[in-house]
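# Inside the fold
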Amino acid sequence: MNLSPDMAQAFAIARPHAQHCGDLIKSGPRPEERAENLAVWRRDIGRELSQDLSELLSGARLAVTLSEPEMIPGSEVFSRIGPVAANCLLRCGKDDHTLLLSFNLKTALAMTDRSFGGDGRIEDNEVPEQLPRSAAMLTDSAAKIVAQAIARTSFGSEHASFDGTERSLKADVIVRSESATRLKPFAHEAMCAVFLLDCCEEEGVGEPVSWKAILAVTTERFEQLIPGAGSASSEQSDDADAGEPASGPFADIPMELGAVLAEFEMSLSQLERMAPGDKIPLFVPREIPLLMGEEVLAQGTVGTRDEKLAVKLTRFENSEVAA
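Heads up: these notes are all about the structure in this document.

Cut-offs applied
- Residues numbered from 1 in each chain as written.
- Predicted model: local features only at pLDDT ≥ 70, side-chain atom pairs only at ≥ 80, totals over all residues.
- Heavy atoms only, no water.
- Salt bridge = Lys/Arg side-chain N within 4 Å of Asp/Glu carboxyl O.
- Helix = DSSP H or I, 4+ residues; strand = E, 2+ residues; numbered from the N terminus.
- Buried < 20%, exposed > 50% of the residue type's maximum accessible area, 1.4 Å probe, protein only.
- Pairing = 2+ DSSP bridges.

## Points about the pattern of salt bridges
Should the charged atoms of two oppositely charged side chains come close, the side chains can pair. All told, the structure shown has 15 salt bridges when counted by the stated rule. Put simply, E223 and R34 hold a salt bridge, and the shortest N to O gap is 2.6 Å. Residue E223 is located in helix α8 (residues 219-225), and its partner R34 is located in helix α3 (residues 31-56); the two are separated by 189 residues in the primary sequence. In this structure E223 comes out as partly exposed when scored by relative accessible area, which is 28%. On the basis of relative accessibility, which here comes to 26%, the residue R34 falls in the partly exposed class. The partner of E70 in a salt bridge is R80, with the nearest N and O atoms 2.9 Å apart.

## Section: the pairing of strand β10 (residues 295-305)
Relative to β10, strand β9 (residues 288-292) is paired through five bridges, and the arrangement is antiparallel. Residue P289 lies in a different strand from β10, and its bridge partner there is Q299. Pairing of β10 with strand β11 (residues 308-316), which is carried by eight bridges, proceeds in the antiparallel orientation. When the bridges of β11 are listed, Q299 appears paired with R315. Count of turn residues in the β10/β11 antiparallel hairpin: two residues, of which D306 carries a positive phi of about 55°.

Everything listed here is a matter of coordinates, which is why it stays silent on function.
Below, the structure written as structure tokens:
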């Protein structure tokens, strides 16, 4: 196209001040490069988990693989998981990328059995309707290991410190629930990348044992997890993380809290002799802890409100508040 002298002069003057849209001028990896990056990402996560999950499962020799992603809507993800499962919402990286990790109850029980030295084999008729506390704790630990492996693989070893320092990565379990929809990891209509996480014990008695989990993330966040495909956006969102927590993207996520009225020790022989009608004396302390998972958030005293048992908060961590 030929420009008139006046138009050419106008473009020359305006060019130094032009502001280009980054989304239009940025160049991403070519399809073959992206495929290679994805394959390396899946391989590296599998290698990390093969070692880290082995330590959790009583030294089992594991081969962990992460399948090719399948792109499906969130509603289908929830349908595959079902109404009851051991679901964890993971947080990975500086930008708080969230992923959904789900174990069905049979898998959670089998892994728990293996962690206590069993063979990790559970029959269908042995699966309860609710997840036992021991299995819930095991899946929490496994989920945190998965979150850390993803954070290290996606954002580089130079940030792979989880000791609370300024440059450390966030890699943990935000919240757990037996209902995947309750966690609100993504909208029903959102497109998601879904992986099958397969943990196979290479050496054992009889046929190899395999434990599987579902890992799901929105396609937008997934692209930012693949190395070399979204590093710029993670730098730009640091300021947003410094805002008020109540106004952040996780403000509406339901958090499960617990108040511990009493704790006591009992021998294994006493447990075996327990029967309906037995009475166990409880000694409620002056202050009881308010917990989120295993973390103590606050202390409080037991009382009543509207003729119901209630906890009056008195202290938050090390800070005193008015009683």
